[in-house]
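# Analysis of the macromolecular model
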Amino acid sequence: MIPVEHRQQVLRSVRTLASDSLFHGETEIGIEHRGSLYRLKITRQGKLILNK
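## A word on the pairing of strand β3 (residues 48-51)
In the sheet, strand β2 (residues 36-42) pairs with β3 via 4 bridges, with the strands oriented antiparallel. Bridging across to β3, K41 finds its partner in I49.

## Some points on the pattern of salt bridges
Using the criterion set out here, one finds 1 salt bridge in the structure. With its nearest N and O atoms 2.7 Å apart, the salt bridge here joins R39 to E28. Within this pair, whereas R39 is found in strand β2, its partner E28 is found in strand β1 (residues 28-33), the two being separated by 11 residues in sequence. A residue is classified by how much of its surface remains accessible, and R39, at 37% relative accessible area, is partly exposed.

## Quick notes on the sheet that holds β2
Taken in spatial order, the 3 strands make up an open sheet running β1-β2-β3, and their pairing is antiparallel. At either margin of the open sheet sits one strand with a lone partner, and together these are β1 and β3. Neighbour-to-neighbour, the strand axes of the sheet open up by a mean angle of 25 degrees, direction not taken into account.

How each quantity is defined
Residues numbered from 1 in each chain as written. Predicted model: local features only at pLDDT ≥ 70, side-chain atom pairs only at ≥ 80, totals over all residues. Heavy atoms only, no water. Pairing = 2+ DSSP bridges. Helix = DSSP H or I, 4+ residues; strand = E, 2+ residues; numbered from the N terminus. Salt bridge = Lys/Arg side-chain N within 4 Å of Asp/Glu carboxyl O. Buried < 20%, exposed > 50% of the residue type's maximum accessible area, 1.4 Å probe, protein only. Axes fitted to C-alpha atoms, helices over the stretch in contact; angles between N-to-C directions.

That's the geometry; what it means functionally is another story.
And the structure:
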């Protein structure tokens, strides 16, 4: 597990978005990256899964 202090430093240096702002009430979104489509899904357990 990453110490809280380190996580806070990482969050400050990485652009962070709330998942609500991406999903807008949906459970799946598409992300285009270098010509490929990826699917980001919220599972029933509330976790995120990224598939190509």
